[in-house]
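Structural characterization, general
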Amino acid sequence: MRIIDRPNKKGGTRTAKAGIVLVAAALGALLFLCPAASAQQRTIVLDPGHGGLDVGAKGKFGAVEKDVVLAISLKLKALIESNLDYRVVLTRDKDMDVSLENRAALANNNDAAVFVSLHANGSFRKKAHGSETFFLSLNSTDEESRKLAYQENTAAGVGDRIVEDDKNLIQMILWDMAQSAYVRQSSRLAEIIQRELNVLLATENRGIKQADFKVLRGVACPAVLVEAAFISNPEEEQRLIDDAFQARVADAVFRGLSAYLRLLRRD
Amino acid sequence: MAKFRTPLVILLAVLLVGLVYLFIASISPERIANRAETPETPADVALLAEETRTVTLFFPREDDGLFVPETRSIPASGSIAQEAEAVLNELIKGSSKGLPSALPPEAKVGQVFVTKDGTAYADFSKDLVVAHPSGSDAETSTVFAIVDTLAFNFKSIKKVFILVDGEEKETLNGHVTLDRAFTPDFSLVAKD
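Cut-offs applied
Residues numbered from 1 in each chain as written. Chains lettered and ligands numbered in written order. Predicted model: local features only at pLDDT ≥ 70, side-chain atom pairs only at ≥ 80, totals over all residues. Helix = DSSP H or I, 4+ residues; strand = E, 2+ residues; numbered from the N terminus. Buried ≥ 20, exposed ≤ 12 C-beta atoms within 10 Å, placed from the backbone. Contact = placed C-beta atoms within 7 Å. Nonpolar A, V, L, I, M, F, W, Y, C, P; charged D, E, K, R; others polar. Expected span 1.5 Å × (residues − 1).

1. Considering the overall build of chain A
Per the secondary structure count, chain A includes nine helices and six strands. When the 267 residues of chain A are sorted by exposure, 39% land in the buried category. Considering only contacts in chain A between residues 6 or more positions apart, those separated by 24 or more positions represent 82%.

Below is the structure:
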């Protein structure tokens, strides 16, 4: 067995070395050929809410949230890419199901600078109207830290294998709490975006609010959820399906993002 | 032996007639009518006992969505779980004053279970999700109408965990996280 193993190992090392050289060469060529894709360019992740079987909120005249927010997100992506030095990744660029966890994971895997989830609101109240911007509420934090403390306590003084398992659990809980570290920045981002929504949309200012939204929880960067008007309100539904209004929502979020990123660079 | 038996039989018969008379007399015509109309469920048994309690339900008002209280009478069963179920059923029936309801009328209450530490597990049929209009405003209303109403009426309920078809659900329709018990938020109740 050992005799057979040795040449294999050597062969493996050689292949690995060749591989590293190749990858390095490819990377060098990439950096040389497209300076725009340099390591400095960061990513903004846009999250059109719902999609696929999950249509989101529905309007009286048949408009559905998933379509409206996708249209707005595509407009916003174009605005950002032609005006800012940021790459845009969408959690979905067509009508498809994406889990809430994967939306957050996409932001983290792309080392996103900012995460914006785009929604249109729905209510039991026919007259509910206006726009608002959410960031994560910290109400859940005491609950989470208690969970974490429990995990740490039970991990102490038990066998190695169990400690391993618990480490994974802690990792998972930490992941779920990722946004907690960014709540202050997220609140600032929400404030700036909401100001622009008020100026550009002429919808009622519902202000910035905090809520324990699943999609924001695991995002490890400043993250907000924009609720642009109510699709459940027939008047606002008409506005939401209007191309010019969608462009204004995109423009408002774009202006908010630009202002926030300028602040971020100055700090 | 036969000599002793006859008075014993008479005594027993008299006792039996007396008991039957007492039993019939104890049931008022009103109660009999009640019994005839509705099938016997635990709620009706409580109704027979004529013990009810007044409870407060929260419905969002049209203009700003803040909760407005509305009182109802439910059978007082003495069991928190049963009374909590009755309260949630009333909440689903909707407002008698024409306010919007924060729960879809299709939803059905499963069971309510209250732990010693004051966490109520309120289980609903999946209609709560399927018939839900979606939207963060609608979800927030649903969650806190349930949580605030339960916590307001039962001192022993400190927080509420919402279950759907007996299981934990990630969210109702993509917004508010349901993987934890909610403490009530009475700032959502209208002050005026």
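There's plenty left to go through after this.
2. So, unusual backbone geometry
All names here are of chain A. Although it is not a glycine, His-50 adopts a positive phi angle of roughly 60°. By the C-beta count within 10 Å, which is 27 here, His-50 ends up buried. The backbone of Ala-229 shows a phi angle near 60°, a positive value even though the residue is not glycine. We classify Ala-229 as buried; it has 27 C-beta atoms within 10 Å.

3. Some thoughts on the interface of chain B and chain A
Bring the parts together and some accessible area is lost; that lost area is often taken as the interface size. Each partner contributes residues to the interface: chain B has 22 residues there, and chain A has 23 residues. For the side of chain B that touches chain A, the element with the most residues is helix 6 (residues 136-153) of chain B, which contributes five residues. Across the side of chain B that touches chain A, the residue classes break down as six nonpolar, eleven polar and five charged.

4. Topic: helix 6 (residues 183-201) of chain A
Residues and elements named next belong to chain A. Counted at 1.5 Å a residue, the expected span for helix 6 with its 19 residues is 27 Å, and the 26 Å between its end C-alpha atoms agrees. Tucked into the core, helix 6 has its buried residues touching strand 3 (114-121), strand 4 (131-136), strand 5 (205-211), strand 6 (223-230) and helix 9 (243-266). At the C-terminal side of helix 6, Ala-202 shows a positive phi close to 55°.

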